Amino acid sequence: GTSGANIIVEKPCFTHPERKVIICAHYDDMPGGPVNAPGADDNGSGVCAVLEAARTMAGHTFGNTIVFALWDEEEQGSIGSAYYASVAGGNDDQLTAVVNMDAIGYDGNGDGLLRIYTGPVANSEAIKDSALMVNDTYGLGLPIAINDPGSTFSDRAWFWAEG
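Criteria and cut-off values
- Residues numbered from 1 in each chain as written.
- Predicted model: local features only at pLDDT ≥ 70, side-chain atom pairs only at ≥ 80, totals over all residues.
- Heavy atoms only, no water.
- pLDDT = per-residue confidence, 0-100.
- Helix = DSSP H or I, 4+ residues; strand = E, 2+ residues; numbered from the N terminus.
- Core = buried A, V, L, I, M, F, W, Y, C linked by side-chain atoms within 4.5 Å.
- Buried < 20%, exposed > 50% of the residue type's maximum accessible area, 1.4 Å probe, protein only.
- Contact = heavy atoms within 4.5 Å.
- Salt bridge = Lys/Arg side-chain N within 4 Å of Asp/Glu carboxyl O.

J.: Can you walk me through the confidence of the model for the protein in this structure?
T.: Regions with low pLDDT carry predicted coordinates that are not meant to be interpreted in detail. For the protein, the average pLDDT comes to 92, and 95% of its residues sit at 70 or higher. The least confident element of the protein, judged by mean pLDDT, is helix 4 (residues 156–161) at 91; the most confident is strand 3 (residues 64–71) at 98.

J.: Mind showing me how you'd approach the nonpolar core here?
T.: If you look at soluble globular proteins, the nonpolar side chains tend to sit buried side by side. Ranked by size, the top nonpolar core spans eleven residues in total: Val 21, Ile 23, Ala 25, Val 47, Val 50, Ala 53, Met 57, Ile 66, Phe 68, Leu 70 and Ala 97. Contributing elements (two or more residues each) for this core: strand 2 (16–26), helix 1 (44–57) and strand 3. Counting residues per element, this core draws most heavily on helix 1, at four residues. When near neighbours in sequence (up to four residues on either side) are disregarded, Leu 70 contacts Asn 6, Ile 7, Ala 25, Tyr 27, Val 47 and Val 50.

J.: I would appreciate a short explanation of the environment of Gly 89 in the present structure.
T.: Within the secondary structure, Gly 89 sits in helix 2 (residues 79–90). It is 18 Å that separates the C-alpha atoms of Gly 89 and Asn 64, two residues lying 25 residues apart in sequence.

J.: Just checking my understanding: could you explain the pattern of salt bridges for this structure?
T.: Side chains that carry opposite charge are capable of pairing whenever their charged atoms lie near each other. Counting across every chain of the model gives five salt bridges. The partner of Arg 55 in a salt bridge is Glu 52, and the shortest N-O contact between them spans 2.7 Å. With a gap of three residues between them, Arg 55 and Glu 52 both fall in helix 1, about one helical turn apart. Here Arg 55 falls in the exposed class, since its relative accessible area comes to 55%. Here Asp 111 and Arg 115 are joined by a salt bridge, their closest N and O atoms 2.4 Å apart. A residue is classified by how much of its surface remains accessible, and Asp 111, at 31% relative accessible area, is partly exposed. Several salt bridges converge on common partners, so that one network encompasses Glu 125, Lys 128 and Asp 129.

Structure below.
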């Protein structure tokens, strides 16, 4: 939109600076009713995860450039991420991974599962496999559900559309 603003911070690397891994969430929310605050989860939880990732990764070096992104206007049709994905696609940017954190504290059906949305797009399946490997290797014991094919709502859809 004309008033939207994404917040982008890049942690450059020297090994493969052209390759980017994006850790992202949207920071806008929808107004709630008199007794709820949906922004606390959708998407305050995702924003907190991106900020914590940035904090914990600050002192480390990586083989790819890390992009910490907070998108605006997701609730209006993912306008901020759609713009970024479109520009990245038009520039033939090398996006190695996009890890989108959307409403990660929400458990609408009470099943206690962490959901990974994946599909046969680019290296989405490899990213899912990496998450499962980390869960097993480090004994995290997170109860994970795989949604494959993942739904096409939220900011991830625009990166999938660009391949």
